[in-house]
Amino acid sequence: MKLQRLRVEQVRQFRQPLQIADFSPGINLFSGPNESGKSTLVRAIRATFFERYRSSGVKDMLPWGDTSAAPQVELEFEHKGQRWQLAKRFLKQHRCDLNIDGQTFSGEEAEEKIADLLGFQFSGRGASRAEHWGIPGLLWIEQGQGQEIREAVQFAGDHLQSALGETLGEIASSGGDELIQAVDKMRSAFLTKTGRPTGEYKDVEDKLLSLQSGLQELDERVAHYQSQVDRLSELRSQHFKDESERPWEKLRRQQQEAQQRFEDVTKLNEQQSRDKHALVTCQEHIALVSDQLRAFQKIADDLREREQATLQAQEQLQLLRERETPIDSALQQAQSRYDAAREIEKKSRQQGQRQMLMREQEKLTEQQLKLNDNVVRARQLQTELQRYQQEQAACRIDGSALARLRAQEATLRELQIRQKSTATRVKFELEPGATIQLDKRPLEGAGEALLLHQATVDIAGMGRLQIIPGGDDVAELARNLEQAEEQVASLLDELQVDSLAAAEQRAERFQQLEATIGNHRKLLLSHAPQGVESLVTELNSIQAEIQTVQDRLLELPPLAADLPAPDLAEEQLEAAHRALKQTEEDAQQYARALAAAEQQARHAAEEYQRMQSQQSDPQREQRERAGGQRLVELRAEAASLTANIEARQKTIDEAHPEILQQDIKRYGDSATQLENTFRARLDALARLEAELETLGAQGLEEERARSAAELEALIRRHGEMKRLAGGATLLLDLLQEKRQQLTRQLQAPLQRHLNRYLQLLFPQASLEVDELLMPGRLVRNRGQGAEAGEFEALSFGAREQMGLISRLAYADLLKEADKPTLIILDDALVHSDEQRLVQMKRILFDAGQRHQILLFTCHPEKWLDMGVPIRELASLSAESPS
Amino acid sequence: MKFLHTADWQIGRQYERFGPEDGPALAEARLAAVERIAKLAVAENVDAVLVAGDVFDAQTVSDRTVRRLFNATEEFAGPWIMIPGNHDAALAESVWTRARRLHAVPDQVVLGLDPEPLLFPAQGFAVLPAPLTQRHTYGDLTAWFDTAKTPPDLVRIGLAHGSVEGILMEGIDSPNPIAQDRASRAQLDYLALGDWHGTRQINVRTWYSGTPEQDRFKDNGAGQVLLVELAQPGAEPVVTPVATGQYPWLQWQQALLVPSDLDQFIQRLEQLGQPSVLQLELSGQLDLSGDQRLRDALNQAEARHRGLLYDASALRLYPTEDDIAELHADGYVGEVIAELRERQDGDEGEMAREALAILARLLLDRKSPGEKS
């Protein structure tokens, strides 16, 4: 289908007719700014096809503010070698005319022809809506709708599928889908979507499991029952055996025998212990008698010892007595040596004292002389000091008055100088002898007089000159001077001097005296720190001390020669003392030893006496003999007892009484054990019989057999259902697989077209198409392998691009099926970036080789490289014939 | 004298694997068989009924089952002489001790629970029982027969349960051995044996009676009792098997290779007049219509018989071209059919067969309303 001419009149801004007659068979680019009429043209084309000429739902096409207009559109296109001319007028005198190669149709018939050709429907009532648009809805992309493709594909679905060929349609018509539904339904009776058992199949499976576990339980119970029966049988045979053999009785007999033997041994043991006791007593007696005999023997021995000891003590005493005389004389000598040494020591000590006193007397005398000197000197200094102090008092002058005087004097002198300088100077050189009187004072010769006041010069004979000094200052100065002089005079008077010099002199003298007095005071202090009186007191006390020393010297004996020094004398005394002390100790020790020896000699003699009397007692000998006899008897008895004990112990040991005791216990316990076992077994038998009675009545094995048979049946049923479910699953899978395979096969042409375009945009990418021919998953090769994304999840721009590619592919498909294809793009690809746009333009250009494409844009600069002129709407409308 | 020899009643055996309806009926049939034996005993006017063990299928059958068994013997006044077998061995506690405790053992029943001769001078015979007192024994319990004394004027009959050595190698319940020449060694007039569920003669005087009501798919002459007649001690016994079974147990293996095989098989199934217990093993291949016919036939047989088990895992479903055309299975559905056909011989062949059957049924169902209209 190739659009060749379009004419619009009274449509929105094209109030005047606009005609475009030179459409190219490929790409046609129209540009213009916003509201220049691009969308109006698109609307006009759409309305011509989609809207019924009678429709009142096209009022938006009216020129603005002109409700009386009748929008009119004429279209002319070629399809399959036929020329189609379609003219529609809306709203006023509405009509529709179609001319196909000279064949004319009008009204609704004409509209149906057009709808058939392009593959869309008219709306039953009102304005046309998207669901009616069919193929044009897919290929005519409205502004901003490029990315929305799902609905458009859906509404064009039938047309697309029929374009894919008759076979795809047959899938549905032969009932394959119905079959799949039926199998799915059948399968869902057994299995859930995820393949888990459901419904009766699940019930059977659950019951199967419960039966299996029930059967297992029954098996266990049967096994338990059987083992209990075996146990019963075993217990019974044991019971009968025990009942006939009664094994515990034999054990009881054995226990009694052991008991008897143990009692025998016990008796022996008692006898043994009695004998052992007798033996102990006997041995004690032996010891006693032996002790007595030994005591007799000891008395004899002791008597000999005492005699010997007495002799020794006497001998010792004699030796000691011989030492008595020498010790006494040594003591006397030591005493006399000590006395002599003590006398010498006393004398020597007095001599020493005397010498010391004499040295002290000498020292004191020396001090006395020195003190005397000091007293004299100090008194002299004191006198001088008094004198200086009196003088100083006389020349004391007030320091501040002096200072004022100095200042006043200075002022006075300055005033005098100023007076001299300002005073009227009267120089005179008088002729010898001539005399004049100045203020009654004669002047002679030459000289100069200073006049401070009005003066009168009397020149004898001549009269008198009145000289009056000029200016107020002179008088003022004179008054100041006078004042200063008065003050000086008053100060001098106050200071009681006649001049400043005299005052200065007095002040200087006062200073000298001050220094002299200071020196004298220091000197006096060095001679008598505490004053002179204290010095005198000290002197007196020394004199008294000297007197005392002299008195003591008089008391001491006079000096003697050849006396040892007191230290030496003291040492000698000490030595003599030590020697005396040692000698005295020796003497005392000797005395003690002597006393002891005498005591011992006495004691030994007494002891000897006593023993001798004992030894000679006549009863003693008799008792000693009797003791000897008794000892022999006792020893014989002990020997006999020992032999008996040994023999009996052997018998006892051989009987092993402790083992016998164990035997008694062992046999007894064993018998009890057996009896208990027997009784317990009887109980167990009763219990077991009762239990088996109960268990037996339950018909366990019969029930088990029933369960097992039921299980078998159920397993078979389960198997059947499993087979059925498996069969259904297999069938469903296979049907779906085959169907999908077929669908893919049928979609191949579309896929081919899609891929042709897609390769230009994304090399090695593939876009899946679903059963409804919707674009689905996009698989791209990006760096690290394939990346897949659903169409709906792509970015806006990518969706727009994919949407356009898909539409172009659909167009190719339709074209192959000889269906008309006209592609209208109103402001397409505005969301594509530069690089993608380049690729998309290649794609569009490629599509333009096969399809007529009307592309409206407000960005003509982006479409300069499409190889076709860009027509501006403004110029078109200007060119159009009116 | 004249007596009935029977064994292996296996009372209490369960057949729930045949479903809730047939299972209890099959269990019931065993008691019915005992009742029929009682009737036969009366009809034949025998001197005794000897039961050679495995009267009960298990030790712990329910009290009710115990009572019903003994009740079933009522019609014949006895004596019934029963010994325990390996299923109901005379253990310390057994179904027998319980029966006694329940006072369920009627006067006409004599239990041979001990290896001691039982004398019936009035009827002119003595029975040497060899009861099993353990579940399994490895010694010959009939050995004592050799030296057992019985009055010479009485017919001497051995009653035992086990396997005769050297003869019965397979299908034996227990290893309890019995010497092959016991009858002659112990100078028995007759040795009545149990354990083998089919009737079988070992020698002139030694017989297995088999079970009176068949309970396995083994065609070995089960479902009979033996009527034994002995003119006098030492005379050769005259043994007559008498059918007592209600339901034959049949096991058929059928290969369906050509269409006529199926016709024959269905015919054979239809001709089976007596209600039976059937086990079918089918192999070969069928087209869709054949499959449908087979299903119909099996459904009918299931309704008519006491039990039906069949295994069709070796059966293949091969829809013919006509079948497929008939099903209007064009396009990919046709491909699915072809693939499933092939897959039947693969690892999950059974699954594929099932899938194919489902598909065929669905297609047929879909087609059928169209045909009717």
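What you see is a predicted model; the values in this text were computed from it and never measured.

Quick look at the overall build of chain A now. Scanning chain A from terminus to terminus reveals 21 helices and 20 strands. C-alpha atoms of chain A, sized along the principal axes, occupy 205 × 200 × 45 Å. Across the 882 residues in chain A, those meeting the buried criterion constitute 39%. Considering only contacts in chain A between residues 6 or more positions apart, those separated by 24 or more positions represent 71%. Here chain A has roughly 51,000 Å² of accessible surface; of this, 48% comes from carbon and sulfur atoms. On chain A, the mean spot of the 115 positive side-chain charges and the mean spot of the 143 negative ones are 5 Å from each other.

Moving on to the overall build of chain B. Each helix and strand in chain B was counted, giving 9 helices and 17 strands. Dimensions along the principal axes, computed over C-alpha positions, put chain B at roughly 90 × 40 × 35 Å. Look at the contacts in chain B between residues 6 or more apart in sequence, and 70% of them connect residues 24 or more apart. With an accessible surface of roughly 15,300 Å², chain B has 47% of that area assigned to carbon and sulfur atoms. In chain B, 34 side chains carry a positive charge and 56 a negative one; their mean positions are 4 Å apart.

Right, let's talk about the pairing of strand β10 (residues 190-194) of chain B for a bit. All names here are of chain B. The buried fraction of β10 is high, at 5 of 5 residues. Burial of β10 is two-sided: the residues Tyr190, Ala192 and Gly194 facing one way and the residues Leu191 and Leu193 facing the other way are all buried. Bridge count between strand β7 (residues 155-161) and β10: 5 bridges; the pairing is parallel. Directly across from His161, in β10, lies its bridge partner Gly194.

Turning our eyes to something else, we now look at the interface of chain A and chain B. Residue-level contacts link 47 residues of chain A with 38 residues of chain B. Summed over both sides, the interface of chain A with chain B buries roughly 3,800 Å², with 63% coming from carbon and sulfur. When the area that chain A buries against chain B is broken down by residue, the three leading residues are Glu702, Arg723 and Lys738 of chain A, summing to 16%. Our count for the chain A to chain B interface comes out at 3 salt bridges. Among the salt bridges present, the one from Arg101 of chain B reaches Glu693 of chain A, with a minimum N-O distance of 3.4 Å. Taken together, the links from chain A to chain B amount to 11 residue pairs in polar contact (both at pLDDT 80 or more).

On to the pattern of salt bridges, then. Going through the model one piece at a time under the given rule, you end up with 68 salt bridges over all chains. Taking the shortest distance from any N to any O, the salt bridge between Arg509 of chain A and Glu391 of chain A comes out at 2.3 Å. Within this pair, whereas Arg509 of chain A is found in helix α13 (residues 500-527), its partner Glu391 of chain A is found in helix α10 (residues 324-394), the two being separated by 118 residues in sequence. By relative accessible area, which is 32% here, Arg509 of chain A ends up partly exposed. The closest approach of N and O atoms between Glu28 of chain B and Arg68 of chain B, which form a salt bridge, is 2.3 Å. Pair noted here: Glu28 of chain B is in helix α1 (residues 19-44) and Arg68 of chain B is in helix α2 (residues 63-72), with a separation of 40 residues, a long-range link.

Residue and element names in this part refer to chain B. Once the domains are mapped, chain B shows domain 1 (2-243) and domain 2 (249-372). Contacts between the two partners involve 11 residues from domain 1 and, on the opposite side, 11 residues from domain 2. Of the roughly 990 Å² buried between domain 1 and domain 2 on both sides combined, carbon and sulfur atoms contribute 66%. Counting the contacts that link domain 1 with domain 2 gives 1 salt bridge. Across the pair Asp22 and Arg306 runs a salt bridge, and its minimum N-O distance is 3.0 Å. Connecting domain 1 to domain 2 are 2 residue pairs in polar contact (both at pLDDT 80 or more).

Residues and elements named next belong to chain A. With 93 residues, the main nonpolar core has Phe49, Met802 and Leu844 as its most contacted residues. Here the element with the most residues in this core is helix α19 (residues 796-816); it accounts for 10 residues. Setting aside anything within four residues of it in sequence, one finds Met802 in contact with Leu758, Leu761, Phe762, Leu767, Leu778, Phe791 and Leu794.

Further remarks concern the packing of helix α7 (residues 176-188) of chain A against helix α18 (residues 700-761) of chain A. All names here are of chain A. For the pair α7 and α18, interaxial distance at closest approach is 9 Å and the crossing angle is 150°. In terms of their interaxial angle, α7 and α18 are classed as roughly antiparallel. Two packed elements cross with a definite hand, and for α7 against α18 that hand is left-handed. Residue-level contacts link Asp177, Leu179, Ile180, Val183, Asp184, Met186 and Arg187 of α7 to Leu724, Ala728, Thr729, Leu731, Leu732, Leu735, Gln736 and Arg739 of α18.

This part covers a negative patch on the surface. Residue and element names in this part refer to chain A. Negative charge collects at one region of the surface, where Asp567, Glu570, Glu571 and Glu574 lie side by side. Checked against the element boundaries, Asp567 lands in helix α15 (residues 566-615). Residue Asp567 is classed as exposed on the basis of its relative accessible area of 60%.

On to the sheet that holds strand β17 (residues 786-790) of chain A. All names here are of chain A. Pairing within the open sheet is antiparallel, and its 3 strands lie in the order β15-β16-β17. The sheet is open, and its two borders are formed by β15 (766-769) and β17, each paired with just one other strand. Across the sheet, the mean angle from the axis of one strand to that of its neighbour is 20°, orientation sign disregarded. In the sheet, strand β16 (residues 775-781) pairs with β17 via 5 bridges, with the strands oriented antiparallel. Following the sheet pairing, Leu778 is matched in β17 by Gly789.

Another aspect to go through is the side chain of Arg13 of chain B. All names here are of chain B. Position of Arg13 among the secondary structure elements: in the loop between β1 (2-6) and α1. Residue class for Arg13 comes out buried when judged on its relative accessible area of 16%. A polar contact is formed between the side chain of Arg13 and the side chain of Asp215, at a distance of 2.7 Å. Beyond its immediate stretch of four places on either side in the chain, Arg13 contacts Ala27, Arg30, Asp57, His87, Asp215 and Arg216.

Moving on, we get to the domain arrangement of chain A. Here the domain parsing of chain A yields domain 1 (2-160 + 820-879), domain 2 (328-390 + 533-581) and domain 3 (424-468). With centres defined by C-alpha atoms, the gap from domain 1 of chain A to domain 3 of chain A works out at 155 Å.

Moving on: unusual backbone geometry. Its identity is not glycine, yet Lys80 of chain A carries a phi of approximately 50°, on the positive side. Of note, Lys80 of chain A is situated in the loop between β4 (72-79) and β5 (82-89). Accessibility expressed as a relative area gives 58% for Lys80 of chain A, which makes it exposed. Positive phi outside glycine occurs at His103 of chain B, with the angle close to 55°. The residue His103 of chain B is located in the loop between α3 (95-101) and β4 (109-111) in this model. Residue His103 of chain B is classed as exposed on the basis of its relative accessible area of 72%.

A few words now on the environment of Ala360 of chain B. Position of Ala360 of chain B relative to the elements: it lies in helix α9 (residues 349-372). Along the primary structure Ala360 of chain B and Ile337 of chain B are separated by 23 residues, whereas in three dimensions their C-alpha atoms are 8.6 Å apart.

Okay, the side chain of Asp242 of chain A next. Counting through the fold element by element, Asp242 of chain A comes out in helix α8 (residues 199-245). Beyond its immediate stretch of four places on either side in the chain, Asp242 of chain A contacts Pro247, Trp248, Phe678 and Arg681 of chain A.

In spatial order, the strands read β8-β18-β19-β3-β20 (chain A); together these 5 strands make up an open sheet with parallel pairing. Pairing within the sheet leaves two strands with one partner each, and these edge strands are β8 (140-141) and β20 (870-872) of chain A.

This part covers α1 of chain B. With 26 residues, α1 of chain B ought to run about 38 Å at 1.5 Å a step, and its terminal C-alpha atoms sit 37 Å apart, in line with that. Where α1 of chain B ends, the next residue or the one after it, Asn45 of chain B, has phi of about 55°, a positive value.

All names here are of chain A. Relative to the elements of secondary structure, Ser106 occurs in strand β7 (residues 103-106). Sequence separation of Ser106 and Ala87 is 19 residues, and the distance between their C-alpha atoms is 9.4 Å. Dropping the residues within four chain positions of it, Ser106 is found in contact with Cys96 and Asp97.

Scoring rules and cut-offs
- Within each chain, residue numbers correspond to sequence positions counted from 1 in written order.
- The order in which chains are written sets their letters, starting at A; the order in which ligands are written sets their numbers, starting at 1.
- Predicted model: local features are reported for residues with pLDDT of at least 70 only, side-chain atom pairs are reported and counted for 80 or more only, and whole-chain, interface and lining totals are derived from all residues.
- In computing side-chain properties, one takes all heavy atoms of the structure into account and sets aside hydrogens as well as water.
- Each helix is a run of H or I in the DSSP string that is no shorter than four residues. Each strand is a run of E no shorter than two, and both are numbered from the N terminus.
- Note on exposure labels: buried denotes an accessible area under 20% of the residue type's maximum, exposed denotes more than 50%, and partly exposed covers the range between, all computed with a 1.4 Å probe on protein chains only.
- Here, residues are in contact when the closest pair of their heavy atoms is within 4.5 Å.
- Surface accessibility follows the Shrake-Rupley procedure with a 1.4 Å probe radius. Residue values consider only the protein chains on display as shielding.
- Charged-residue counts in this description rest on Lys and Arg as positive and Asp and Glu as negative, His and the chain ends being excluded.
- We put the charge of a Lys on NZ, of an Arg on CZ, of an Asp on CG and of a Glu on CD.
- If DSSP finds at least two bridges between two strands, the strands pair.
- Using a 1.4 Å probe, buried area is obtained as the accessible area two parts lose upon being combined, added over both of them.
- Any carboxyl oxygen of Asp or Glu within 4 Å of a side-chain nitrogen of Lys or Arg constitutes a salt bridge here.
- Counting of polar contacts relies on pairs of N or O atoms within 3.5 Å, with two restrictions inside protein: one atom must be capable of donating a hydrogen and the other of accepting it, and residues adjacent in sequence are counted only when both atoms are side-chain atoms.
- Bear in mind that the domain bounds are from an automatic or database domain assignment.
- Residue types Ala, Val, Leu, Ile, Met, Phe, Trp, Tyr and Cys, when buried and joined through side-chain atoms within 4.5 Å, form a set referred to as a nonpolar core.
- Angles shown run from 0 to 180 degrees and are taken between the N-to-C directions of axes, each axis being a line fitted to C-alpha atoms and, for helices, limited to the stretch in contact.
- Roughly parallel means an angle under 35 degrees; roughly antiparallel, over 145; roughly perpendicular, 65 to 115; everything else is oblique.
- Helix crossings get a hand from a simple test, with the near helix turned counterclockwise from the far one by less than a right angle marking a left-handed crossing and a clockwise turn marking a right-handed one.
- Grouping into patches uses exposed residues only, defined as over 30% relative accessible area, and leaves out salt-bridged ones; the cut-off is 9 Å for like charges and 5 Å for nonpolar side chains (Val, Leu, Ile, Met, Phe, Trp, Tyr).
- Here a helix's expected span is defined as the number of its residues, less one, multiplied by 1.5 Å.

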